[in-house]
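What the coordinates show
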Amino acid sequence: SSGINAEWPLRPGGGWVRLALVPDGQHKVYEHFEKNVLKIVCYGHDERKGRTSYGDCIHPCNARKGCEYMANKYDGNRYDTTIKIPYNLAEGVYILQYMSAMSAHKTFYYSCARLKIVGGEPSLPCKRTGLAPVAHGCMAGTAVPLTKYEQNTKMGDFCFSPKGLGDQDADMSRVPINPECDPRITCQLSVNSKQCMSEDNKMKDIVDSWDPKQTCKGEIVPPPEPTCSDGIKNNGEQMVDCGGPECEKCFEEPTEPVDTRIYKSLDYTQKQWEDGNINIRAVVTVSKDANDWRYTMFFTKAVDIRTFWGCKIISHNDFKTIWTFGPQHWTKKIKPGQVIQLGFNGKFEADGEYPECVTKNFRAYDPDAY
């Protein structure tokens with residue numbers, strides 16, 4: 001049985017990912033995915049100290065690089081997982097479904113991949129009951145609880161051993177068939193592309209953002225086993241090298257990241273129509289003093305914002321999925337209790353799929369940091 005490296009786009013951290021596998025053709029019925037869950041894993045978040053605050057991190061968020069892969073089940077917060085292909089599947093085409101609500105997203109987002117599987121042994125006894133396993137150490141999403149991922153589901157009748165049921169993650173250290181895949185895609189997906197590039201200059205080596213890969217040099221080998229003394233929070237640990245299922249208890253309690261938000265509330269409303277028009281309103285109630293600010297929106301598909309008020313455009317990425325706006329001169333310096341009202345009109349491709357704004361960020365602006 002081979003393994004595959006499954007990865008997903010990076011957005012605000014927290015929450016889970018439900019992965020399910022069904023034969024091609026059965027994917028047209030949603031309930032078939034519910035009854036054939038492989039496992040539920042962490043969506044991911046940047047575990048480095050001070051990097052994830054209230055669900056936000058700056059892309060690439062410490063995601064695993066191309067030519068690397070998840071080799072330990074307790075190292076599951078880097079926006080990927082390794083999936084072992086079950087031994088008992090008949091030869092044919094299968095659909096792998098991804099489902100996640102991603103941090104504060106209030107509804108599930110779905111994606112899928114088509115796999116060709118050969119060499120299975122359908123006669124293996126693989127009857128299972130109960131729910132699929134859930135990864136350890138996930139940061140909870142703020143909108144959708146774990147119970148919603150598990151609702152009406154069961155683990156599929158999969159065998160992960162050539163002799164019977166086995167464990168999905170038993171030999172995760174084996175190199176998957178596609179380690180070159182790189183989920184970080186491009187710094188065009190970052191609200192701070194300068195910082196993104198400075199974190200890893202290999203980001204520039206991903207030449208095709210629609211098929212993001214790295215060129216692996218030499219033989220790919222399993223990474224070293226994580227330990228409780230390697231200086232990395234990577235072993236299901238509560239803090240670096242302590243806590244969790246493998247390491248000694250931490251002597252100090254972990255603290256929440258410093259609250260860097262400068263707003264008390266951010267009320268976002270969006271209306272869209274089948275002809276591709278979209279109208280957006282954002283009302284921000286300020287909680288802290290700031291001499292300048294930026295408001296960023298991250299959409300699931302391209303939006304061409306053509307008119308706006310209460311702000312001015314600062315930038316957008318090439319895909320027109322990330323838009324950043326700044327103040328007009330009369331709203332540049334803000335104080336607690338002040339209300340900022342922003343509005344936007346735009347167009348999107350009228351293909352039956354509406355854009356969703358999965359990230360809304362209002363922050364103080366420091367020209368030395370951006």
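To keep things clear, this report deals only with the structure shown in the data block. Quantities reported herein were computed from a predicted structural model and do not represent experimental measurements. (Residues numbered from 1 in each chain as written. Predicted model: local features only at pLDDT ≥ 70, side-chain atom pairs only at ≥ 80, totals over all residues. Heavy atoms only, no water.)

A separate point is the environment of Ala71. With respect to the secondary-structure elements, Ala71 resides in the loop between β3 (37-42) and β4 (80-84). Ala71 sits 31 residues away from Ile40 along the chain, and the two C-alpha atoms are 16 Å apart. Once residues lying within four places of it in the same chain are set aside, the contact partners of Ala71 are Met172, Ser173 and Pro223. (Helix = DSSP H or I, 4+ residues; strand = E, 2+ residues; numbered from the N terminus. Contact = heavy atoms within 4.5 Å.)

If you walk through the whole model with that rule in mind, you get 16 aromatic pairs. Ring centres of Tyr98 and Tyr109 lie 6.4 Å apart, and the angle between their planes is 75°; on these two criteria the pair is classed as edge-to-face. Of this pair, Tyr98 sits in strand β5 (residues 92-100) while Tyr109 sits in strand β6 (residues 109-117), placing them 11 residues apart in sequence. A relative accessible area of 9% means that Tyr98 is categorised as buried. Ring geometry for Trp210 and Phe319: centres 6.1 Å apart, planes at 75°, overall edge-to-face. Separated by 109 residues along the polypeptide, Trp210 in the loop between α3 (193-199) and β7 (263-272) and Phe319 in the loop between β11 (312-316) and β12 (322-326) bring together distant segments of the chain. Judged by relative accessible area, Phe319 falls into the partly exposed class, the value being 26%. A connected cluster of aromatic rings, assembled from ring pairs, spans Trp16, Tyr30, Phe108, Tyr110 and Tyr149. (Phe/Tyr/Trp six-rings, centres within 6.5 Å; stacked < 30°, edge-to-face > 60°. Buried < 20%, exposed > 50% of the residue type's maximum accessible area, 1.4 Å probe, protein only.)

In protein chemistry, a disulfide is the covalent bond that joins the sulfur atoms of two cysteines. This structure, assessed with the given rule, holds six disulfides. Between the sulfur of Cys67 and that of Cys216 lies a disulfide, 2.1 Å long from S to S. Judged by the sign of its S-S torsion, about -100°, the cystine formed by Cys67 and Cys216 is left-handed. You can see Cys67 sitting in the loop between β3 and β4 and its partner Cys216 sitting in the loop between α3 and β7, a full 149 residues away along the chain. Given a relative accessible area of 19%, Cys67 falls into the buried group. The partner cysteine of Cys187 in its disulfide is Cys196, sulfur to sulfur 2.1 Å. Between Cys187 and Cys196 the sulfur-sulfur dihedral comes to about -80°; the bridge is accordingly left-handed. (Disulfide = S-S within 2.5 Å.)

Within the structure shown, the criterion is met by 17 salt bridges. The partner of Arg174 in a salt bridge is Asp171, and the shortest N-O contact between them spans 3.5 Å. Exposure remark for Arg174: the relative accessible area of 45% places this residue in the partly exposed category. The partner of Asp211 in a salt bridge is Lys213, and the shortest N-O contact between them spans 3.6 Å. Given a relative accessible area of 39%, Asp211 falls into the partly exposed group. Each of Arg64, Asp75 and Asp80 takes part in a single network of salt bridges with overlapping partners. (Salt bridge = Lys/Arg side-chain N within 4 Å of Asp/Glu carboxyl O.)

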